[in-house]
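In case you want the letters, here they are:
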Amino acid sequence: VNTLLCQAPQNINKDYLKFFTEHEMNDLRKRYPQLTILQNNQTQLIFSKIRNKDTPTAEFRHHADRIMRLLIETALNEQEIQVIKRETPCSHYDSSELKNPTEFVAVTIMRAGNSFLHELLRIMPDIDVGQILLQRDETTKEKKPILYYTKLPKRIQGRKVLLFDPMIATGGSVIKGIEELIKVGVKEQDITFVNLIGCEKGIKKVLDLYPKIKIITGSVDPLLLEDSKYIAPGLGDFGDRYFGTN
Ligand code: PRP
Ligand code: URA
């Protein structure tokens, strides 16, 4: 059983939190082979913009879209491909293509998950899109999500689902989203969850419950704040910052 790398929030100085080191990140990758952490200098530069509390809405959206595009491309990189003979204007070549491009379905966890649609629909303009509306109940300490609405493509059974939500804090929202998918016959191993920032505790909870899903994330942050259940360092409330409701 995996224990948390970041064990004791109360012993940590919350005024200045260090990210996991490269060594610790590699440890996480080993513990969770289903987890892809997209991290390089370029993503670090983009994350630094959106984490900054003073970044205004337009700039936040611009940089969040950049990283979301990279995450979507990384999720596609994890899918099966096939090689088909095609022609350039000059010769034949082996063309690498997604095995079943029409078998992909996107599902967003609203509201914040809808922010992925801007880039997703440019990359895959014909993809079917389902939506699950969830909201954390901010009045309780548990921050359990409330399910308001689910609308999924009718023919979803047996298809590959790209599930989108930018934040994994307690893990409650994505777990509820996965439950909704499994209820309608989606197989756990056919779910790829695309995420911007997850905290270690939430990611562990999701993968302990659903070890066959894949998670693509841009960052694993060390802490889940005890009272607010916000991720730290994190970036605050993603939906509010992206949609300008903060
Ligand atoms: C945010 C976020 C996730 C959830 C993560 O949504 O987009 O869905 O919180 O937290 P959890 O892992 O503890 O469940 P929120 O409910 O704030 O609604 P929003 O999409 O309107 O911002
Ligand atoms: N939802 C967010 O948008 N941010 C967090 O840190 C936690 C939940």
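My aim in this report is to walk through the structure given alongside it, one point at a time.

What follows deals with the site of ligand 2. Neighbouring ligand 2 are the residues Arg 136, Met 167, Ala 169, Lys 229, Tyr 230, Ile 231, Gly 236, Asp 237 and Phe 238. Within the contact set of ligand 2, an oxygen atom lies 2.8 Å away from a backbone nitrogen or oxygen of Ile 231. The backbone of Gly 236 places a nitrogen or oxygen atom 2.8 Å from a nitrogen atom of ligand 2. Notes on ligand 2: free accessible area 240 Å², of which the protein chains cover 89%.

The final tally for this structure, using the stated rule, is 16 salt bridges. Of the charged contacts, one joins Asp 190 and Lys 160 as a salt bridge, the two residues approaching to 3.3 Å between their closest N and O atoms. One end of the pair, Asp 190, is in the loop between helix 5 (172-183) and strand 9 (191-199); the other, Lys 160, is in strand 7 (residues 160-164), with 30 residues separating them in the sequence. Here Asp 190 falls in the buried class, since its relative accessible area comes to 10%.

Of note, Asn 195 is situated in strand 9. Looking at Asn 195, its side chain comes within polar contact range of the main-chain oxygen of Ile 197, at 3.2 Å. Within the structure, Asn 195 has its side chain in polar contact with the side chain of Thr 217 (distance 2.7 Å).

Our focus in this paragraph is the nonpolar core. Leu 196 and Phe 238 are the most contacted members of the largest nonpolar core, which has 35 residues in total. The set of elements that each furnish at least two residues to this core consists of helix 2 (41-51), helix 3 (57-77), strand 4 (104-110), helix 4 (117-123), strand 7, strand 9 and helix 7 (238-243). A total of eight residues in this core trace back to one element, the largest contributor, which is helix 3. Among the nonpolar cores identified, the runner-up in size contains 30 residues, and Ile 37, Ile 175, Ile 203 and Val 206 belong to it.

Following both chains from N to C, one finds helix 2 and helix 3 inclined at 150°, their axes separated by 9 Å at the closest point. Helix-helix and strand crossings are classified by hand; for helix 2 and helix 3 the assignment is left-handed. Listed contacts from helix 3 to Gln 42, Thr 43, Ile 46, Phe 47, Lys 49 and Ile 50 of helix 2 are Glu 59, Phe 60, His 63, Ala 64, Arg 66, Ile 67 and Leu 70. Of the residues that constitute the contact of helix 2 with helix 3, the class distribution is seven nonpolar, three polar and three charged.

Glancing now at the site of ligand 1. By nearness alone, 15 residues border ligand 1, and Ala 112, Arg 136, Asp 165, Thr 170 and Ser 173 come closest of all. Contact between ligand 1 and Ala 112: an oxygen atom at 2.8 Å from a main-chain N or O atom of the residue. One nitrogen or oxygen atom from the side chain of Thr 170 is found 2.6 Å from an oxygen atom belonging to ligand 1. Relative to its free-state accessible area of 500 Å², ligand 1 is covered by the protein chains to the extent of 94%. Residue assignment for the shell around ligand 1 shows that the elements contributing at least two residues are strand 5 (128-136), strand 8 (167-168) and helix 5.

This part is about the environment of Val 129. Relative to the assigned elements, Val 129 resides in strand 5. Among all residues touching Val 129, those that are not within four sequence positions of it are Ala 106, Leu 117, Leu 121 and Pro 153.

Reading guide: rules and limits
- Sequence order as written defines residue numbering, which begins from 1 separately in each chain.
- Chain letters and ligand numbers both follow the written order, the letters beginning at A and the numbers at 1.
- pLDDT decides what is reported in this predicted model: residues at 70 or higher carry local features, side-chain atom pairs at 80 or more are listed and counted, and totals for whole chains, interfaces and linings draw on all residues regardless.
- Side-chain numbers come from the whole structure's heavy atoms, not from hydrogens or water.
- Whether a residue is near a molecule or strand depends on its heavy atoms: if one lies within 4 Å, it is near.
- Counting of polar contacts relies on pairs of N or O atoms within 3.5 Å, with two restrictions inside protein: one atom must be capable of donating a hydrogen and the other of accepting it, and residues adjacent in sequence are counted only when both atoms are side-chain atoms.
- Reported accessibility uses the Shrake-Rupley method at a 1.4 Å probe radius. Residues are deemed covered only where the shown protein chains occlude them.
- Here, a salt bridge means any Lys or Arg side-chain nitrogen found within 4 Å of an Asp or Glu carboxyl oxygen.
- In this text, helices come from DSSP runs of H or I with a minimum length of four residues, and strands from runs of E with a minimum of two, each type numbered from the N-terminal end.
- Burial classes: relative accessible area under 20% of the type maximum marks a residue as buried, over 50% as exposed, and values in between as partly exposed (1.4 Å probe, protein chains only).
- By nonpolar core we mean a set of buried residues, namely Ala, Val, Leu, Ile, Met, Phe, Trp, Tyr and Cys, connected to one another through side-chain atoms within 4.5 Å.
- The convention used is that axes are lines fitted to C-alpha atoms, helices contributing only their stretch in contact, and that angles between N-to-C directions extend from 0 to 180 degrees.
- Crossing chirality is assigned from the near helix's rotation relative to the far helix, an anticlockwise turn below a right angle marking it left-handed and a clockwise turn marking it right-handed.
- Residue contacts are defined here by distance: any two heavy atoms, one from each residue, within 4.5 Å place the two residues in contact.
- For this classification, Asp, Glu, Lys and Arg are treated as charged, while Ala, Val, Leu, Ile, Met, Phe, Trp, Tyr, Cys and Pro are nonpolar and the rest, including Gly, are polar.

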